[in-house]
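Commentary on secondary and tertiary structure
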Amino acid sequence: MKKKILSFIAILVCVLSMGLCLSGCFENVVPCAWVKLDMEGYVYYRSNMYASGGNHIELYESQEEFNSTFPQTLIEIVFYPRILGAYDTEDEGRVTTVDVSRPNQVSMTVIINKLPENSLYSPEKKVYLNGELLVSNPEYDYSSDAIVSWMFDNVPFVRGNPNGQFNEFINKLEYK
């Protein structure tokens, strides 16, 4: 009887010890993608988590324009459902971190200012991700005399933290 109890206690201790050791392997990590607007000019990355807080990425002609009293953005980008903040990388500089925990539900809105002062705008230019043309959702596209706006659904960002480790892959957005 004592041998059975001691055996049971030994097995229980082993199982609990293994469970504690293995629990660190199942750490909850939010899958995310590092995203950079790869354009000439001054790019500003905001840290507001949700779209209701405003733009996530803004492009200005220069840092002086950004610091002016009434700065004029050339490009504004918002991600849905959220970002996890701006991040400083060693090689690429500042980027934003987009939550891709639901990869088929990541959306992005890109707004281009069409004002005459914005020489960046052209009706022939499109939005590219990692060199590939993105196709927008025509139901949510908008154009006026002042702006053009495109919404992209199911954006195919490459995850930058498989197994919770930063793999140094930066998704590059371009308007060209």
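Read on for an overview of the structure. Please read all numbers here as calculations on a predicted model, not as lab measurements. (Residues numbered from 1 in each chain as written. Predicted model: local features only at pLDDT ≥ 70, side-chain atom pairs only at ≥ 80, totals over all residues. Heavy atoms only, no water.)

Description of the sheet that holds strand β3 (residues 57–60)
Cut-off, in case you're wondering: For two strands to be treated as a pair, DSSP must find at least two bridges joining them. In DSSP terms, a helix is any run of H or I states spanning at least four residues, a strand is any run of E spanning at least two, and both are numbered starting from the N terminus.
Pairing is antiparallel in the open sheet, where 6 strands are placed in the order β2-β3-β4-β7-β11-β10. At either end of the open sheet lies a strand with only one pairing partner, and these are β2 (42–45) and β10 (142–143). Alignment of β10 against strand β11 (residues 147–152), held across 2 bridges, turns out to be antiparallel. Each bridged residue has a counterpart across the sheet, and for Ser143 the counterpart in β11 is Val148.

Focus on the packing of aromatic side chains
Rules: Centres within 6.5 Å are what make two rings of Phe, Tyr or Trp a pair, Trp counting through its six-membered ring; a difference in plane orientation under 30 degrees is then read as stacked, over 60 as edge-to-face, and the rest as tilted.
Enumeration over the complete set of coordinates arrives at 8 aromatic pairs. Here the aromatic cluster, defined as three or more aromatic residues joined through ring pairs, consists of Tyr42, Tyr44, Tyr60 and Phe66.

Topic: the sheet that holds strand β12 (residues 170–175)
The sheet built from 6 strands is open, its strands ordered β5-β6-β1-β12-β8-β9 with mixed pairing. Every other strand in the sheet has two partners, leaving β5 (83–89) and β9 (132–133) as the edge strands with one partner each. In the sheet, strand β1 (residues 32–37) pairs with strand β6 (residues 93–99) via 4 bridges, with the strands oriented antiparallel. Its bridge partner being in β6, Val35 is matched across the sheet by Thr96.

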